[in-house]
Amino acid sequence: MLGRFERIVDPLRPPEALEPPARLGAFIWHYARQAKWWFIFFFLNGALIAATELLLFAFVGDIVDLLGTAEPATLWQEHGATFLWMVFVVLVLRSAALVAGALLEQQIIVPGFFNLVRWQAHSHVVGQSFTYFQNDFAGRLATKVMQAGQALGDFLINIFQSLWYFVIFAISTFAIFLDLDWRLGVVVGVWIAGYVTIGSILIPRIRRAARRLADMRSVFNGRIVDAYTNIHTVKLFDTTGHEDAFAREGLTWMWQALCSLTRIISTIRFSLVALNGLLLTVSGFLCVWLWQAGVLTVGAVALALGLVLRLNTMSGWMMFSISNIFRDLGTIQDAMETIAKPHGITDRPDAKDLVPRQGRIEFERVSFHYGKETGIIEDLSLTIAPGEKVGLVGRSGAGKSTLVNLLLRLFDLEGGRILIDGTDISTVTQESLRAAIGMVTQDTSLLHRSVRDNISYGAPGADDASILRAAEMAEADGFIRDLVDPRGRQGFDAHVGERGVKLSGGQRQRIAIARVLLKNAPILVLDEATSALDSEVEAAIQKSLGTLMEGKTVIAIAHRLSTIAAMDRLVVMDKGRIVEEGRHEDLLALGGLYASLWARQSGGFLGEDEAENAAQ
């Protein structure tokens, strides 16, 4: 039965507007409005719970007075209706309100709304530009997304449950005390004023301290996740404890931020101890004195002292709840500043899907400087005919990989345009653009999922036979069959670890090649696709790549020039410009940059005659 309540707020509901606003109130409302009716019910139910709590104390006073004045023999006959009303409030009304509150909070808001915020925040963050992720820790971003759901949900629950309940209870207590005697009303009024003063002075400081703590927590989390993700590098190179010092610095910042927060909380608690002590002492004295003067009945004294004791108990956890409200507010604001950033690269409102027909690629006076004034790519023009195989050659930093990233629209151009079959790529959806391009990179990262999932990632509907065929073409089926992960999953079901750490570089590369083979996109980009392979495996895969490249437009980047020497055309880049073009033999005869690179690379390997001379 409870499962029906858990599905009321769909955590996977798509937002009306993907990008959340960057103003705190609007950011909260952006998510809260999607479950607004349930928060309104929560709000009204909180008022009902507070009202029934007040009635309980009133019943205590009434019972005390009845027991002091009524005849035992005729108690039920004369006051039965009063007792039935009390039973109805306690067993029916109060129980129904508490059950409704539990259902609203634990079965509707916590599982549904909390995760709705996380899902929609993730949906926005994952659509951010490549640069967005380059400039931050993955662990920090993940922390912000998780914190946003928790903090926003807790904030609203505390507002509509704890704070609202306390406000009603405190104001009602003040009204009841005024009705009993104006002097009791003054005591409660002064207590409320003191309580508000403490809160208004100290609690805003909690918000600032909580915001800093949230940021420092995510920084520390980002640092340790960065170390865990790159644990191989840490083990190999961190011989001086640098990584420990780096993490310790992050933990120290988080500890200092936490101490700043806990000092404020302790000050609030000390202040409340003094304020509540005065409330109990003065109220108790007044109640006894007013009873002696005949102003209050015994039942009224019981009611007043009960309410004071309840206020004393509530004030501590309520101040803690208010502190949490402002702490959550600080956390929300900190998360908002990371999450609510506009996407750096967006599809136009009228963007259509790219439908590649032949695979013709045109770079028209392309310029890109990573936001700087000059550098990287300068006024570059290049046309690649349908089905042509082009190799990009040049020193490191010449702009080869940047040019490919611009084709994939991982960055937006700063000048010029890129066309595929005559269509400007800035006018089509990013999803359709990247669906038309298959790419194998030098630094291959796999998802921590099964081998099957990794190979079929670009073609999710592929059947097992197609996946196996792609693995065989990539010379990967042999080692895949022998894989076993720590949970006993074998072969194509085995999980490869985060970023594929359980596999060798060559094994990861072959799975990546199988993924591209299965995707079978009309445009193929190979960025050092065989760099992690040994010569024997590379020779075998080259045959498969030859089959893959048939009928496709190909851009290949390789520092090992022998792997692309047989391309239809070689394009030599230097400092973001094309300086030479032609076939391998023509460029060697030209005696320019390519010939220099070829000679230098060839000179790095001993030929047979040189090897014999070296051995003598």
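As annotated in an unreviewed UniProt entry, the protein chain is Multidrug ABC transporter ATP-binding protein from Rhodobium orientis. Reading the Function (unreviewed entry) entry of the UniProt record for the protein chain gives the comment "Part of an ABC transporter complex. Transmembrane domains (TMD) form a pore in the inner membrane and the ATP-binding domain (NBD) is responsible for energy generation." For the record of the protein chain, the UniProt heading Sequence similarities (unreviewed entry) holds the text "Belongs to the ABC transporter superfamily."

Overview of the packing of helix α2 (residues 24-32) against helix α4 (residues 75-126)
Where α2 meets α4, the closest approach of the two axes is 10 Å, and the angle between their N-to-C directions is 115°. With respect to α4, the element α2 is oriented roughly perpendicular. Between α2 and α4, the contacting residues are His30, Tyr31 and Ala32 on the first element and Phe113, Leu116, Val117, Gln120 and Ala121 on the second. Counted by class, the contact of α2 with α4 contains 6 nonpolar, 2 polar and no charged residues.

Some thoughts on the sheet that holds strand β1 (residues 361-368)
Taking strand neighbours across the sheet as the criterion, the 4 strands line up as β2-β1-β4-β5 in an open arrangement whose pairing is antiparallel. Both outer strands of the open sheet, β2 (377-384) and β5 (423-424), are each paired with one neighbouring strand and no more. Direction of pairing for strand β4 (residues 415-420) relative to β5: antiparallel, over a ladder of 2 bridges. Pairing of leucine 419 across the sheet is with aspartate 424, part of β5.

What about the domain arrangement of the protein chain?
Under the domain assignment, the protein chain is made up of domain 1 (24-340) and domain 2 (361-603). Of note, the centres of domain 1 and domain 2, computed from C-alpha atoms alone, are 54 Å apart. Listed as interface residues are 4 residues of domain 1 and, on the opposing side, 4 residues of domain 2. Summing the contributions of domain 1 and of domain 2, the shared interface buries around 380 Å²; its carbon and sulfur component is 63%. On the domain 1 side of the interface with domain 2, the three residues burying the most area are Phe130, Thr131 and Thr229, jointly 83% of the side's total. Viewed at the interface, domain 2 and domain 1 are joined by 0 salt bridges. Our count for the domain 1 to domain 2 interface comes out at 0 residue pairs in polar contact (both at pLDDT 80 or more). Looking at the side of domain 1 that touches domain 2, the element that brings in the most residues is helix α5 (residues 130-134), giving 3 residues.

Structural notes on the side chain of arginine 118
Residue placement: arginine 118 occurs in helix α4. Although arginine 118 is buried, it makes no salt bridge; aspartate 154 carries the closest opposite charge, 7.6 Å away.

As for the sheet that holds strand β7 (residues 523-527)
The mixed open sheet is built from 6 strands, whose spatial order is β6-β7-β8-β3-β9-β10. At either end of the open sheet lies a strand with only one pairing partner, and these are β6 (437-440) and β10 (577-582). Strand-to-strand twist in this sheet, taken as the mean axis angle between neighbours without regard to direction, amounts to 20°. Both β7 and strand β8 (residues 553-557) contribute to a ladder of 5 bridges, which runs parallel.

Points about the UniProt feature "transmembrane region" (unreviewed entry) in the protein chain
Feature annotation in UniProt places "transmembrane region" (unreviewed entry) on residues 37-60, 80-104, 155-178, 184-203, 270-291 and 297-320, given in this structure's numbering. Secondary structure across residues 80-104 divides into 100% helix and 0% strand, with the first and last C-alpha atoms of the span separated by 35 Å. Along residues 270-291 the backbone is 100% helical and 0% strand, and the end-to-end C-alpha distance reaches 32 Å.

Quick word on the nonpolar core
Among the nonpolar cores identified, the biggest contains 51 residues, and Phe169, Tyr195, Ile268 and Leu311 are the most heavily contacted of them. Where this core is concerned, the elements lending two or more residues are α3 (36-69), α6 (138-180), α7 (182-229), α9 (242-292) and α10 (298-339). With 15 residues, the single largest contributor to this core is α7. In this structure leucine 311 touches Phe166, Phe169, Ala170, Thr173, Val188, Trp191 and Leu279, once residues within four positions along its chain are discounted. Ranked by size, the runner-up nonpolar core spans 43 residues in total, among them Ile480, Val516, Leu561 and Ala565.

Quick notes on the rules
- Residues numbered from 1 in each chain as written.
- Predicted model: local features only at pLDDT ≥ 70, side-chain atom pairs only at ≥ 80, totals over all residues.
- Heavy atoms only, no water.
- UniProt positions renumbered as here; feature names shortened; annotations may be inferred.
- Axes fitted to C-alpha atoms, helices over the stretch in contact; angles between N-to-C directions.
- Helix = DSSP H or I, 4+ residues; strand = E, 2+ residues; numbered from the N terminus.
- Parallel < 35°, antiparallel > 145°, perpendicular 65-115°, else oblique.
- Contact = heavy atoms within 4.5 Å.
- Nonpolar A, V, L, I, M, F, W, Y, C, P; charged D, E, K, R; others polar.
- Pairing = 2+ DSSP bridges.
- Domains from an automatic or database assignment.
- Buried area = accessible area lost by both parts, 1.4 Å probe.
- Salt bridge = Lys/Arg side-chain N within 4 Å of Asp/Glu carboxyl O.
- Polar contact = N/O pair within 3.5 Å; in protein donor to acceptor, adjacent residues only side chain to side chain.
- Buried < 20%, exposed > 50% of the residue type's maximum accessible area, 1.4 Å probe, protein only.
- Lys, Arg positive; Asp, Glu negative; His and termini not counted.
- Core = buried A, V, L, I, M, F, W, Y, C linked by side-chain atoms within 4.5 Å.

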